[in-house]
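# What the coordinates show
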Amino acid sequence: MPQPTAPSNPGPEGGPLNREQLRAVLLRALRLPTPPGELLPVMQQQPAESIDLLADCLAESHQTLERERIAELAGGLGRAGLERLEQRWIKGTPEEAVGAVPLLARLAPDFLQQYLLPRAARWEHHRQDAVVKAVAFSGSRERGRLLQSLAEAVHPYVLPGLLDEIGNAGDVRTVPWLMRLAAGEALQAADLYVRVKAIEALGRIGAPTAGPLLARLLEARRLWRWEHPRELRLCALQALGRIDARRARELARTARLPEREVSLRPLEPQPSTTRIRHRRYARVHLARPLPVRLSLALGTIRLGVEVLSLAGGFARPLPGAEEADAARVRAIPPGTTTPVEFQTRLRPIRATAVVRNQVAAGVGFELVAIDLDARTRMRQLLAAFHPAE
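Residues numbered from 1 in each chain as written. Predicted model: local features only at pLDDT ≥ 70, side-chain atom pairs only at ≥ 80, totals over all residues. Heavy atoms only, no water.

This paragraph deals with the environment of Asn357. In this fold, Asn357 is placed in strand E7 (residues 349–359). Taking C-alpha positions, Asn357 is 9.8 Å from Thr336, a pair spaced 21 residues apart along the chain. Beyond its immediate stretch of four places on either side in the chain, Asn357 contacts Gly362, Val363 and Gly364. (Helix = DSSP H or I, 4+ residues; strand = E, 2+ residues; numbered from the N terminus. Contact = heavy atoms within 4.5 Å.)

So this is what it looks like as structure tokens:
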């Protein structure tokens, strides 16, 4: 069967394609091993429409190869396509602006460096979160620098995820700033959870210059007590293990941190993966649902968590729940922020989560705020189910 290609005489009487025709040709071309050579000339006849379609395709893409093809085609549209993206960011609706971010991060990072912060700083946290993800998923070599430029303006619920993505970007230029943040010397001496996220980002990047700081955070004492909270020390040990494994093993002997909890590490970045989105922590499938209470504007909902990690999880109505409960779950809009309370045997683990998606009568959620004592107890809960290394 012949492979589909862009038509050499695309529109009526050789004129331009309408939007639906152009979209159909583009989607077929992206599925081919190599996009046909005549596709770009067709798109160059309509650069504004073409760049909008490429931005839409990139927003829906899950594969790195497809992302790279889209970015290459977008670059081939030249200045006319780029001007369209710039105008979408400056004058478009918030949805149009966010949709332009991945291609701008690839094609015009200096423009985005200049104009990203002034507009994004005025938005609510769910839109800021969308911008962070758009920059992160762009694959731009400048994404670490771009994300750092947003850090002082984003909502506290957005900052932890932003730091995760800076770590995944692997840009060593962000290391000095991350070190100040990990030490409590940046972002108005950021809270402890943010410091933990900065420590984990340093571990993901693997910068040797961070080793001495991580060792100090792990070892520091005040008289007979450790200076820093247990969870912060544990994360410093994990990050140090990625930078200087021998030194980490030496310090672990006197750190008094359970190996089973230390083994629950952030997942290694995988630059060679074919998927755009990366898991940050190992997911644990719980033997039985863990009750969790969500406090929403429409009332309190009680669910059972079936899959859990240090980043979030998936929950659905508990067995025997009424249909009304399932209907209330389906009514939760993605992006909703809610206090959550995990009902453990001893005392509840409290945090703040954002609902990410709805799947199979349940919700996926991401933790965006949690104190370190609660995170330690969640780690202990997960370690009981996670296979030891």
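Still more to cover.
Glancing now at the packing of aromatic side chains. Enumeration over the complete set of coordinates arrives at three aromatic pairs. Centroid distance Trp89 to Trp123: 5.5 Å. Interplanar angle 70 degrees. Geometry classified as edge-to-face. Here Trp123 lies in the loop between helix H7 (109–120) and helix H8 (125–137) and Trp89 lies in helix H5 (residues 78–91), a separation of 34 residues in the sequence. An identical accessibility class is assigned to Trp89 and Trp123; each is buried. With a centroid separation of 4.7 Å and an interplanar angle of 35 degrees, the aromatic rings of Phe111 and Tyr115 are classed as tilted. Residue Phe111 and its partner Tyr115 are both found in helix H7; the two are separated by four residues, about one turn of the helix. A cation sits over an aromatic face here: Arg204 above Tyr281, 5.7 Å from the ring centre. The residue whose ring lies beneath Arg221 is Trp226, and the NZ or CZ to ring-centre distance is 3.8 Å. (Phe/Tyr/Trp six-rings, centres within 6.5 Å; stacked < 30°, edge-to-face > 60°. Buried < 20%, exposed > 50% of the residue type's maximum accessible area, 1.4 Å probe, protein only. Lys NZ or Arg CZ within 6 Å of the ring centre and 35° of its normal.)

Here we take up empty space enclosed by the protein. Taking a probe equal in size to a water molecule and rolling it over the atoms shows the remaining empty space. Within this structure, the stated rule accounts for one cavity of 30 Å³ or more. Taken as a whole, the largest cavity holds about 40 Å³ of empty space. Contributing elements (two or more residues each) for the lining of the largest cavity: helix H12 (192–205) and helix H14 (230–243). The dominant element in the lining of the largest cavity, judged by the number of residues it contributes, is H14, at four residues. (1 Å grid on protein atoms, 1.4 Å probe; cavity = no way out; pocket = protein on both sides within 12 Å on 5 of 7 lines; lining within 4 Å. Points joined across faces, edges and corners; volume = space filled by probe spheres on them.)

These figures come from the coordinates and say nothing about function on their own.
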